[in-house]
Amino acid sequence: MAEWQITKTDKFIRDFEYYQKKHPNELVAVMGNVDTYFRTLKKLSNPLQIQAGFIHREPAGIKAIDQKGGKQKIKLQQTRLYVYPDIDRSTLFLFTIGNKTNQSEDIRYCQEMVKKLKGGGGS
Amino acid sequence: MMETYKSVLELIKNLPGEDSFKELVENEIQGKRLAKLLFYLRCKGNFSQKELAHKIGCSQSRISKIEGAPNEEITVKDLEDYAKALGLQVELGFSNSSTRLVDRIKYHAFRIKECLERLSVISKRDEKIEEGVKKFYKEVFVNMNTIITRSFSKFHGQEPQKRSLVNVSAPVEKIDYERVVETSSSVTK
């Protein structure tokens, strides 16, 4: 079985830059959680086996990783990093970062991305 | 074609932004390595946080707290609770901070030698066991060669990783051993 890898979309890069400036604490927490998710995915390969409070199941196999976890000194704003574990490609795609307000719009974007990936367009 | 990375840290290093911010993310990741190990062990055992909490006899929120806690907040009792519930045992070890990687390799090589010698002593009591142990010796020989050859082929001037105070290693598992045997037999075919 191929080793799992991680990749990002252009939208994720833009979101990453925005959150770094506007919500750095939330971004640190979310990236820490995605690291936990990815390390476990690399070892277990089965996304369904990975369950925690910070992982939310969304349609089409998309997962939303939030900022929760541990004892946080400051109250963090609800933040979600949308990812897609593509079993066939052994790749974790980082799609976009958003908040509670634009949740449905973000999920729609991710669903479109998954559709493209399944259709064979990998870039 | 999208660029791919082997870890979140590697990905972050290749994203635009301040080095100070990237350091914050790195500290967050390195500072919670024990929690990440416990998280992995729970998932590997196919337990939800609620199920594990039930097995340990605590609340789900305690499990959630442990799995998000920095290294310094995880107690030996937490490790023992996870180990007991998952059918594992805790092994703690200390090493001299000036110990070099080569010293570690030498240490493990001597430990392997010791174990093999113990095995040969045990096997002398029974012919069948002796035969099995001889076969095992051959496997060890092939596996060690495969490991060294594979490591040797990875030389391409990568930067050494930062050493952290706490080294977290996954427990040695039969499946890891089987994977090595599988690979080595395909190499020798």
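Residues numbered from 1 in each chain as written. Chains lettered and ligands numbered in written order. Predicted model: local features only at pLDDT ≥ 70, side-chain atom pairs only at ≥ 80, totals over all residues. Heavy atoms only, no water.

A closer look at the overall build of chain B
Consideration 1: What chain B contains, in helices and strands, is nine helices and one strand.
Consideration 2: From first element to last, N terminus to C terminus, chain B shows the α and β order β-α-α-α-α-α-α-α-α-α.
Consideration 3: Buried residues in chain B amount to 29% of all 189 residues.
Consideration 4: Contacts spanning at least 24 positions in sequence make up 56% of the contacts within chain B whose residues lie at least 6 apart.
Consideration 5: Carbon and sulfur atoms form 56% of the exposed surface of chain B, whose accessible area is close to 14,100 Å². (Helix = DSSP H or I, 4+ residues; strand = E, 2+ residues; numbered from the N terminus. Buried < 20%, exposed > 50% of the residue type's maximum accessible area, 1.4 Å probe, protein only. Contact = heavy atoms within 4.5 Å. Areas by Shrake-Rupley, 256 points an atom, 1.4 Å probe, with all protein chains shown as cover.)

Here we look at the nonpolar core
Consideration 1: Residues Phe-12, Met-31, Val-34, Leu-81, Leu-92 and Leu-94 of chain A together with Leu-11 of chain B are the most contacted members of the largest nonpolar core, which totals 52 residues.
Consideration 2: Considering each element in turn, this core owes the most residues, nine residues, to helix α2 (residues 24-44) of chain A.
Consideration 3: When sequence neighbours within four positions are dropped, the list of residues in contact with Met-31 of chain A reads Phe-12, Phe-16 and Leu-81 of chain A together with Val-8, Leu-11, Ile-12, Val-25 and Ile-29 of chain B.
Consideration 4: Of all hydrophobic cores here, the second largest spans 12 residues; its members include Ile-62, Tyr-84, Phe-95 and Met-113 of chain A. (Core = buried A, V, L, I, M, F, W, Y, C linked by side-chain atoms within 4.5 Å.)

Remarks on helix α3 (residues 103-118) of chain A
Residue and element names in this part refer to chain A.
Consideration 1: Over its 16 residues, α3 runs 22 Å from end to end, which matches the ideal 22 Å to within 8%, given 1.5 Å per residue.
Consideration 2: Among the residues of α3, Gln-103, Asp-106, Ile-107, Cys-110, Met-113, Val-114 and Leu-117 are the ones counted as buried. For α3, the arc enclosing every buried residue in end-on projection is 120 degrees, short of the 170-degree limit, so these residues lie on one face. Those residues of α3 that are exposed and angled more than 90 degrees off the buried face are Glu-105, Arg-108 and Lys-115. (Expected span 1.5 Å × (residues − 1). Arc of directions from axis to C-beta.)

Focus on helix α3 (residues 33-44) of chain B
Consideration 1: Here α3 of chain B spans 16 Å end to end across 12 residues, near enough to the 16 Å set by a 1.5 Å rise per residue.
Consideration 2: Of all 12 residues that make up α3 of chain B, 11 are buried, and the element is covered over most of its length.
Consideration 3: When α3 of chain B is considered as a whole, its buried residues turn out to be Arg-33, Leu-34, Ala-35, Lys-36, Leu-37, Leu-38, Phe-39, Tyr-40, Leu-41, Arg-42 and Cys-43 of chain B.
Consideration 4: Buried positions along α3 of chain B lie against α2 and β2 (55-57) of chain A together with α2 (19-30), α4 (49-56), α5 (60-66) and α6 (76-86) of chain B.
Consideration 5: Just downstream of α3 of chain B lies Asn-46 of chain B, where phi reads positive at about 60 degrees.

Re the environment of Leu-37 of chain B
Consideration 1: The topology assignment puts Leu-37 of chain B in helix α3.
Consideration 2: Between the C-alpha atoms of Leu-37 of chain B and Ser-153 of chain B, which are 116 residues apart in sequence, the distance is 29 Å.

Some words on the domain arrangement of chain B
Consideration 1: Assigned domains within chain B: domain 1 (8-86) and domain 2 (101-155 + 176-188).
Consideration 2: Relative to domain 2 of chain B, the C-alpha centre of domain 1 of chain B lies at a distance of 32 Å. (Domains from an automatic or database assignment.)

Regarding the packing of aromatic side chains
Consideration 1: Going through the model one piece at a time under the given rule, you end up with six aromatic pairs over all chains.
Consideration 2: Both rings, one in Phe-16 of chain A and one in Phe-21 of chain B, keep their centres 5.9 Å apart while their planes meet at 80 degrees; by these two values the pair is edge-to-face. Here Phe-21 of chain B lies in helix α2 and Phe-16 of chain A lies in helix α1 (residues 10-22), a pairing that spans two chains. Taken individually, Phe-16 of chain A and Phe-21 of chain B each receive the classification buried, so the pair is uniform in this respect.
Consideration 3: Measuring from centroid to centroid gives 6.4 Å for Tyr-84 of chain A and Phe-95 of chain A, while their planes differ by 10 degrees, and the two rings are stacked. (Phe/Tyr/Trp six-rings, centres within 6.5 Å; stacked < 30°, edge-to-face > 60°.)

Considering the packing of α1 of chain A against α2 of chain A
Residue and element names in this part refer to chain A.
Consideration 1: Two numbers describe how α1 lies on α2: the axes approach to 6 Å, and their chain directions differ by 130 degrees. Comparing the axis directions of α1 and α2 gives the class oblique. Residues Phe-12, Phe-16, Tyr-19, Gln-20, Lys-21 and Lys-22 of α1 lie in contact with α2, whose contacting residues are Pro-24, Leu-27 and Met-31.
Consideration 2: Grouping the constituent residues of the contact of α1 with α2 by class yields six nonpolar, one polar and two charged. (Axes fitted to C-alpha atoms, helices over the stretch in contact; angles between N-to-C directions. Parallel < 35°, antiparallel > 145°, perpendicular 65-115°, else oblique. Nonpolar A, V, L, I, M, F, W, Y, C, P; charged D, E, K, R; others polar.)

Some remarks on the pattern of salt bridges
Consideration 1: Summed over the entire model, instances satisfying the criterion amount to 16 salt bridges over all chains.
Consideration 2: A salt bridge links Arg-39 of chain A to Asp-35 of chain A; the shortest N-O distance between them is 2.7 Å. Here Arg-39 of chain A pairs with Asp-35 of chain A, and both are found in helix α2, just four residues apart, close to one helical turn.
Consideration 3: You can call Arg-39 of chain A partly exposed: its relative accessible area is 31%.
Consideration 4: The class of Asp-35 of chain A is buried, set by a relative accessible area of 2%.
Consideration 5: The network of salt bridges with shared partners includes Arg-62, Lys-77, Asp-78 and Asp-81 of chain B. (Salt bridge = Lys/Arg side-chain N within 4 Å of Asp/Glu carboxyl O.)

Some words on the sheet that holds β2 of chain A
Whether parallel or antiparallel, the strands of a sheet pair through hydrogen bonds between backbone atoms.
Consideration 1: The strand order β2(A)-β3(A)-β4(A)-β5(A)-β1(A)-β1(B) describes an open sheet built from six strands, whose pairing is mixed. Of all the strands in the sheet, just β2 of chain A together with β1 (4-5) of chain B have a single pairing partner and so form its edges.
Consideration 2: In this sheet, strand β5 (residues 91-99) of chain A lies alongside strand β4 (residues 79-86) of chain A in antiparallel orientation, the contact comprising eight bridges. The partner of Tyr-82 of chain A across the bridge, within β5 of chain A, is Thr-96 of chain A.
Consideration 3: Packed on one face of the sheet, α1 of chain A meets β1 (5-8), β4 and β5 of chain A and runs near 45 degrees to β5 of chain A.
Consideration 4: Each of β4 and β5 of chain A is contacted by α3 of chain A, which is oriented at about 160 degrees to β5 of chain A, the strand it contacts most. (Pairing = 2+ DSSP bridges.)

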